[in-house]
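Single-letter residue listing:
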Amino acid sequence: MAAVWSTYSASIIVSGSNVIFPVFFQLIGNYEMYQFQSTRIGITLFRMFIMKLFSVSTFLYILYKAAGPSGGNTEGWQTPENTLFYNCWEDYIAAQLYQLIMIDFIIFCTALLLSEVFRSFLVTRVAFLRDRLGLTKPEFNIPKEILDLVYKQMIFWSGFYFAPLLPVLAVIEVIVIFYLKKTSALRNVIPPKTVVLNHQSTFTINGLFLISLLIVFVFIGLVIFNFQPSTTCGPFRGYSRFTDPFSSVIEHSGAFKRYIVDNVKTTSVFIILLILVGLLIYYYRSLAASRNVTIELLREQVRNEIAGKQVLLNMHQQGSKGRDGKAGKKKIDSIEQKRKNLRRKDSRMHGFAAANPENL
């Protein structure tokens, strides 16, 4: 038992913390006195995101220190007295990431069985828990599922460099998890009572994926520039650095290819690429601004439609054609005039907003 725990302890702790701590954070949020429920949910999700980033980052740091003693100094590795563990450290990192994926999947299935399937069974079958204690079926938490996806993608991105077949296993795992969650959501879960995500949440979600991707890039960059390839295994064996094969290909290529590579690294090419990226960002920003204007116009039109229907309903209830009817008719004419103005303004915006959003 001790040998099993020493082998799988890091993976079990990382996977278990991603199941236990979110429940703990939700309990803390229920006791905190926030004015709005959306604030409580947002703070809870932020804590969960920081926890997931910290757990994966700590796991990657442990792998970094285990694969490279003395802060990544591998000069003493390639000796006859060294074991295969040190000579094939790429395989060690890949095996640890494979192990983390498998244990994470097992813990996910166990948590799904206990938190959704078993709880739904108790609510359905045990009347005392449902009527006296107020136990209900769990809600489908969309933001939590997105954070779980960010966590899994961090693991997949980290292992892609060391295990090229890891994305195949990742796709299989995600497909299986999707159908398990779908089946559980249709049978054991109720819709959420509070909607947290809206049309502006896409930026936040993309930001979470970007932060996780940057952390993975830092880990892979430290490995590439600080470690030496293994001497007995791996595609880079026989080289002193991971970048040596690419430099060798460039040196043995034709003069025209070397000319292209040498000019790509110049400052002028970098400035041109920077200008193109700036123009692309400005284009999408202008497009987003024009769409926001259209959305506001449509919202104003909907409000006017609702006000017009309310006036007609009041006139119908009153059944009068005297003073009240004339006042209602004047209000309807005013609303109709606003609708015509909005239509004219909307027609001008569609051909004008994307190019000049600052003039709107």
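Parameters at a glance
- Residues numbered from 1 in each chain as written.
- Predicted model: local features only at pLDDT ≥ 70, side-chain atom pairs only at ≥ 80, totals over all residues.
- Heavy atoms only, no water.
- Salt bridge = Lys/Arg side-chain N within 4 Å of Asp/Glu carboxyl O.
- Helix = DSSP H or I, 4+ residues; strand = E, 2+ residues; numbered from the N terminus.
- Buried < 20%, exposed > 50% of the residue type's maximum accessible area, 1.4 Å probe, protein only.
- pLDDT = per-residue confidence, 0-100.
- Contact = heavy atoms within 4.5 Å.
- Phe/Tyr/Trp six-rings, centres within 6.5 Å; stacked < 30°, edge-to-face > 60°.
- Lys NZ or Arg CZ within 6 Å of the ring centre and 35° of its normal.
- Axes fitted to C-alpha atoms, helices over the stretch in contact; angles between N-to-C directions.
- Parallel < 35°, antiparallel > 145°, perpendicular 65-115°, else oblique.
- Left-handed = near helix turned anticlockwise from the far one by under 90°.
- Nonpolar A, V, L, I, M, F, W, Y, C, P; charged D, E, K, R; others polar.

(A) Spotlight on the pattern of salt bridges. Taken as a whole, this structure holds eight salt bridges when the rule is applied. Across the salt bridge formed by K181 and E145, the nearest N and O atoms sit 3.0 Å from each other. With K181 in helix α8 (residues 166-188) and E145 in helix α7 (residues 142-160), this pair connects stretches of sequence that are 36 residues apart. With relative accessibility at 11%, the residue K181 sits in the buried group. Of the residues examined, E145 reaches a relative accessible area of 23% and is grouped as partly exposed. The partner of E296 in a salt bridge is R299, and the shortest N-O contact between them spans 3.4 Å. Pair noted here: E296 and R299 are both in helix α12 (residues 267-318), with a separation of three residues, about one helical turn. Classification of R299 as partly exposed rests on a relative accessible area of 38%. Sharing partners across several salt bridges, the network here consists of K52, K144 and D148.

(B) The arrangement of the confidence of the model for the protein chain in detail. Residues with a pLDDT of 70 or more make up 76% of the protein chain, whose mean pLDDT is 75. When mean pLDDT is compared element by element in the protein chain, α8 scores highest at 86, while helix α3 (residues 69-72) scores lowest at 43. Segment residues 70-74 is flagged for pLDDT under 50; beyond a separation of four residues in sequence, or across chains, it makes seven contacts in the model. In the predicted structure, residues 352-360 sits below a pLDDT of 50 and forms 13 contacts with residues beyond four places in sequence or in another chain.

(C) Up close: the packing of aromatic side chains. Using the criterion set out here, one finds six aromatic pairs in the structure. Considering the side-chain rings of F162 and F219, the 6.0 Å spacing of their centres and the 55 degrees angle between planes classify their relative orientation as tilted. Taken together, the residues F162 in the loop between α7 and α8 and F219 in helix α9 (residues 201-226) connect sequence positions 57 residues apart. Ring centres 5.2 Å apart and planes at 80 degrees place the aromatic pair F178 and Y179 in the edge-to-face group. Since its relative accessible area comes to 49%, Y179 is described here as partly exposed. In textbook terms, an aromatic cluster arises when at least three aromatic residues are bridged by ring pairs, as seen for F21, F24 and F25. Directly above the aromatic system of Y151 lies the positively charged group of K52, at a separation of 5.4 Å from the ring centroid. Over the ring of F108 we find K152, and its NZ or CZ is 5.7 Å from the ring centre.

(D) Inspection of the packing of helix α5 (residues 89-125) against α7 at higher detail. Interhelical geometry of α5 versus α7 gives an angle of 155 degrees and a closest axis separation of 10 Å. In this view, α5 runs roughly antiparallel relative to α7, as classed from their interaxial angle. Considering the relative orientation of α5 and α7, their crossing is left-handed. Across the interface between the two elements, L97, L100, I101 and D104 from α5 touch Y151, K152, I155, F156, S158 and G159 from α7. Here the residues of the contact of α5 with α7 are counted per class, giving six nonpolar, two polar and two charged.

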